[in-house]
Each structure stands twice: as C-alpha cells, then as structure tokens.
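Inside the fold
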Amino acid sequence: MDNKFVITIGRQFGSCGKEIGQELAKRFGITFYDKELISLASKESGLCQEFFEKADEKNSGNLLQAFAAGFTFGPFQYNDFLSNDKLFQIQSDVIRKVAGEHSCVIVGRCADYILRDNKRCINVFVHADIEERVKTVMNRQHISEQEARELIRKMDKTRPNYYNFYSDKEWGVASSYHLSVDSGLLGVHKTVDFIQKFVEEALKD
C-alpha cells in the first residue's frame, strides 16, 4: 500500500507559515519544499532560475523583455514563453512529481489545488492577527513598523491574486482547505502540535 502523503501550507505573510511547515517536515521526517521548488523547476526545464524567481507566486507579466536582454533558455522555443502561465505549468509538473515520489510538505504555489486529486494530501492555511504579523515581519527583516505594514499590505494582494487566478478556489477562505489555523493564538510550536495531530487523525486508515 502507498503510504506517501503531502501537507500543503497556504499562509498569510508574517504568519510563520514557512517555519510551521519546516517544523512539520522535521517531525514527520519528510522533505520540505518552498523556494526549493524554484531550483527544481529550473533544473527540470533547463530554464534560468531567475525566470521562476521573478514569476514566483505572481500571476501576471510576460517574458518577452527577457529575450531582448539576451537570456538563453536551453531546449525550449521562443513561442513557449509569452507569459508566466508556462512557468506555472512547469512548476506544477514539478509539484506533482515530488508528491508522487515521496511524502513532503509544500508551502504555497497553489500546491493544494495542483494536488487536488491526491487523496492523501492535507491542505492547511495559516493566518494570524495583523499586529502579530507586523511584529513578526519587523523582527524577521529588521525593518520599521511602517515598512512591515506596507510589505504585508503588498503581499496580502499578491498571494490571493496568484492563487485565485490559477485555481478555482478562493485564497484564505476556510472552505478552500481542510484546516485553517490562527498561529498567533498558540505560537509556532503549539500550532505545529495541533496540525500534526490533525494530519495524523486525517490520514488514519
């Protein structure tokens, strides 16, 4: 019997979703993917990693200017690169591949939607009160309160736009996930405890 499973983490910026995902991966002894997916997508496609970084969790823009700048693309043809949709397709293929190979935790990038047919995929959304997120971002990035609020405001537009554009669900809405949890109430470690127990119960045969 195939016992592989996947935990996907959607998260508000500053809610410690990445840290929670990393700790979950450690506790279950499985692989963690966040920015690592960009590197894998680059290797799989032969494309410069910079393209995936610039398109990361963004739903708009095109790559025509990249050709004018003289970038090379490995085995792909010019007409393949008119929008970020192709990059999303490549990254989606990578997500399906790693999920098919081993158990893992995947943060962001519409992984819950991409793996919607995987019966052993548990989708979690992590959020927190705005004041908690401001403090987290200030401490993490060593910036002022005003800068933290502006960065959060920007990311609170970018991530939903990306998710809502590429999926048929709505970012951050509880019905889009198996579990939605406020990390500010319990803190990172107790939130991980809670999610771990939920996943263990959900995956019981």
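Residues numbered from 1 in each chain as written. Predicted model: local features only at pLDDT ≥ 70, side-chain atom pairs only at ≥ 80, totals over all residues. Heavy atoms only, no water.

With that settled, the discussion passes to the confidence of the model for the chain. Residues with a pLDDT of 70 or more make up 83% of the chain, whose mean pLDDT is 85. Taken together, the stretch residues 60-82 has pLDDT below 50 and engages in 36 contacts with residues farther than four places along the chain or on a different chain. (pLDDT = per-residue confidence, 0-100. Contact = heavy atoms within 4.5 Å.)

Turning our eyes to something else, we now look at the sheet that holds strand E3 (residues 104-107). Here we have five strands laid out as an open sheet, ordered E2-E3-E1-E4-E5, and parallel in their pairing. Of all the strands in the sheet, just strand E2 (31-33) and strand E5 (179-182) have a single pairing partner and so form its edges. Each strand axis lies, on average, 20° off the axis of its neighbour in the sheet, ignoring direction. In the sheet, E2 pairs with E3 via three bridges, with the strands oriented parallel. Directly across from Thr 31, in E3, lies its bridge partner Cys 104. In this fold helix H1 (residues 17-28) packs onto strand E1 (6-11), E2, E3 and strand E4 (121-127), with an angle of close to 165° to the strand it touches most, E1. Each of E1, E4 and E5 touches helix H9 (residues 183-202); the most contacted strand, E5, lies at about 160° to it. (Pairing = 2+ DSSP bridges. Helix = DSSP H or I, 4+ residues; strand = E, 2+ residues; numbered from the N terminus. Axes fitted to C-alpha atoms, helices over the stretch in contact; angles between N-to-C directions.)

Moving on to the packing of aromatic side chains. Enumeration according to the criterion identifies eight aromatic pairs in this entry. Aromatic side chains Phe 88 and Tyr 166 sit 3.9 Å apart centroid to centroid with 10° between the ring planes, which places their arrangement in the stacked category. Of the two residues, Phe 88 is situated in helix H5 (residues 85-101) and Tyr 166 in helix H8 (residues 145-166); the sequence distance between them amounts to 78 residues. Both residues of the pair, Phe 88 and Tyr 166, belong to the buried class. Note on Tyr 162 and Tyr 166: the rings are 5.2 Å apart at their centroids and 65° apart in plane angle, and the pair reads as edge-to-face. Of this pair, Tyr 162 and Tyr 166 both sit in helix H8, four residues apart, which is roughly one turn of that helix. Among the residues examined, Tyr 162 registers a relative accessible area of 4% and is labelled buried. The structure contains a cluster of three or more aromatic residues connected by ring pairs, namely Phe 88, Tyr 162, Phe 165 and Tyr 166. It is Lys 169 that lies over the ring of Tyr 177; its NZ or CZ is 5.8 Å from the centre. (Phe/Tyr/Trp six-rings, centres within 6.5 Å; stacked < 30°, edge-to-face > 60°. Buried < 20%, exposed > 50% of the residue type's maximum accessible area, 1.4 Å probe, protein only. Lys NZ or Arg CZ within 6 Å of the ring centre and 35° of its normal.)

Every other side chain in a regular strand lies on the same face of the sheet, so the side chains alternate between the two faces. Only one face of E5 is buried, namely the one carrying Leu 179 and Val 181, since none of Ser 180 and Asp 182 on the opposite face is buried. Relative to E5, E4 runs parallel, the two being bridged by four bridges. Paired with Phe 125 across the bridge in E5 is Ser 180.

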